[in-house]
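# Report on the structure
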Amino acid sequence: MRLKSKHVLGLREMEAEEINLVLDTADSMKEIIGREIKKVPTLRGRTLVTLFYEPSTRTRTSFELAGKYMSADTVNIATTTSAVVKGETLKDTARTLEMMGTDVLVMRHPISGSCHLLARTVSCSVINAGDGMHEHPSQGLLDLYTIRQKKGKIAGLRVAIVGDILHSRVARSNLWGLTKLGAEVVVTGPSTLLPPAAQELGVRATSRVEEALEGADVVNVLRLQLERQKGGLFPSIREYSRMFGVNRERLALAKPDVLLMHPGPMNRGVELSSEVADSVYSSINEQVTNGVAVRMALLYLLLGGGEAA
Ligand code: CP
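Residues numbered from 1 in each chain as written. Predicted model: local features only at pLDDT ≥ 70, side-chain atom pairs only at ≥ 80, totals over all residues. Heavy atoms only, no water.

### With respect to the overall build of the chain
In plain terms, the rule: Note on conventions: DSSP H or I runs of at least 4 residues are helices, E runs of at least 2 residues are strands, and numbering of each starts at the N terminus. For this measure, only C-alpha atoms enter the radius of gyration; the expected value for a globule follows 2.2 Å times N^0.38, where N is the number of residues. We call a residue buried when its accessible area falls under 20% of the maximum for its residue type, exposed when it is over 50%, and partly exposed in between, using a 1.4 Å probe and counting protein chains only. The criterion used for residue contact is that any of the two residues' heavy atoms lie within 4.5 Å. Note on areas: Shrake-Rupley with a 1.4 Å probe; residue coverage comes only from the protein chains shown.
For the chain, the count of helices and strands is 11 helices and nine strands. In summary, the chain has a C-alpha radius of gyration of 19 Å against a globular reference of 19 Å for 309 residues, a match within 12%. When the 309 residues of the chain are sorted by exposure, 56% land in the buried category. Expressed as a percentage of contacts within the chain between residues at least 6 apart in sequence, the contacts between residues at least 24 apart total 74%. Summing over all exposed atoms, the chain offers an accessible surface of approximately 13,200 Å²; the carbon and sulfur share of this is 52%.

This is the structure:
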């Protein structure tokens, strides 16, 4: 089986069976990451370019490592040191990279929908590494993979997503993926940071964090995106932390074997306490490793032929 599109733009566009294909393929990739020599020839001769218009540690590095572990040639474009600073448009930059033989372009951009524009512009594959407030599909997939790995299933689980849902592309990709795979999702945060049409997304919304955490199998805490706040959406960071921060007392409302997640980077002491971030419930470090496996799976399925690894 193959992915239906040659691009990965969002989990909204992916069918449940395609999502499961990525998660199953990631199992094989994780075994490779665990080896002493992390190298297979699968993508030899293929070229991966990462083009990031916003900062990143996890996503950019894990796509680069994913390519390297499968013997692809990888190039990173930092827009601060590229011709972008001379005024080159996104389309011209992308076409330039394509003409050099790029097979897959991984892009992060502050504008929602920019990756769709890119996919219409170039003939190589495009992977959305986060576009504005829209989607971050590889993060959604690695979160699903981590839940499935730790809980053995996704269907029927109760997942609480806490924080700035409105501005979060991670939340949006999680919502699409979790609901397609049969999880029950509740989102919580200040009412000003909840999506107005949560029900249309198939999820329940509440501004009472305790209500959302009660009986949860999984608690996914989002970063408070200070850089995207237009101002006035919550009184202060201290107030946010007091009202919505996930700490030991709040986490105790969830199931005793709750899985605590965070996409990173964390604002320790703001959206979650260091105590819970470093607790036995936390899968935050595992999520990072799983991010490499899931991105290897995506590259393999887009470029490697789509048969079993
Ligand atoms: N979770 C995530 O996207 O992290 P980075 O911004 O470091 O890539």
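### Considering the packing of aromatic side chains
Short version of the rule: Pairing of aromatic rings covers Phe, Tyr and Trp, the last through its six-membered ring, and needs centres within 6.5 Å; plane angles under 30 degrees mean stacked, over 60 mean edge-to-face, and all others mean tilted.
Scanning the entire structure with this criterion turns up two aromatic pairs. The interplanar angle of 55 degrees and the centroid separation of 5.6 Å between the aromatic rings of Phe234 and Tyr240 together place this pair among those described as tilted. Summarising the burial analysis for this pair, Phe234 and Tyr240 share the class buried.

### Looking at unusual backbone geometry
Between Gly264 and Pro265 the backbone carries a cis peptide bond, its omega angle lying at -5 degrees. By secondary structure assignment, the location of Pro265 is in the loop between strand S9 (259–261) and helix H10 (274–277). A positive phi is found at Ser71, a non-glycine position, where the angle reads about 70 degrees. Examined against the element boundaries, Ser71 turns out to sit in the loop between helix H2 (58–69) and strand S2 (73–78).

### Regarding the site of the ligand
The criterion, for reference: By convention in this text, a residue qualifies as near a molecule or strand provided that one of its non-hydrogen atoms is within 4 Å of it. Residues are sorted three ways: Asp, Glu, Lys and Arg are charged, Ala, Val, Leu, Ile, Met, Phe, Trp, Tyr, Cys and Pro are nonpolar, and all the rest, Gly among them, are polar.
In the vicinity of the ligand, the contacting residues are Ser56, Thr57, Arg58, Thr59, Arg108, His136, Gln139, Pro263 and Gly264. Coverage of the ligand by the protein amounts to 92% of the 260 Å² it exposes when considered alone. Residue composition of the shell around the ligand, grouped by class: one nonpolar, six polar and two charged.

These values are about where atoms sit, not about what they do.
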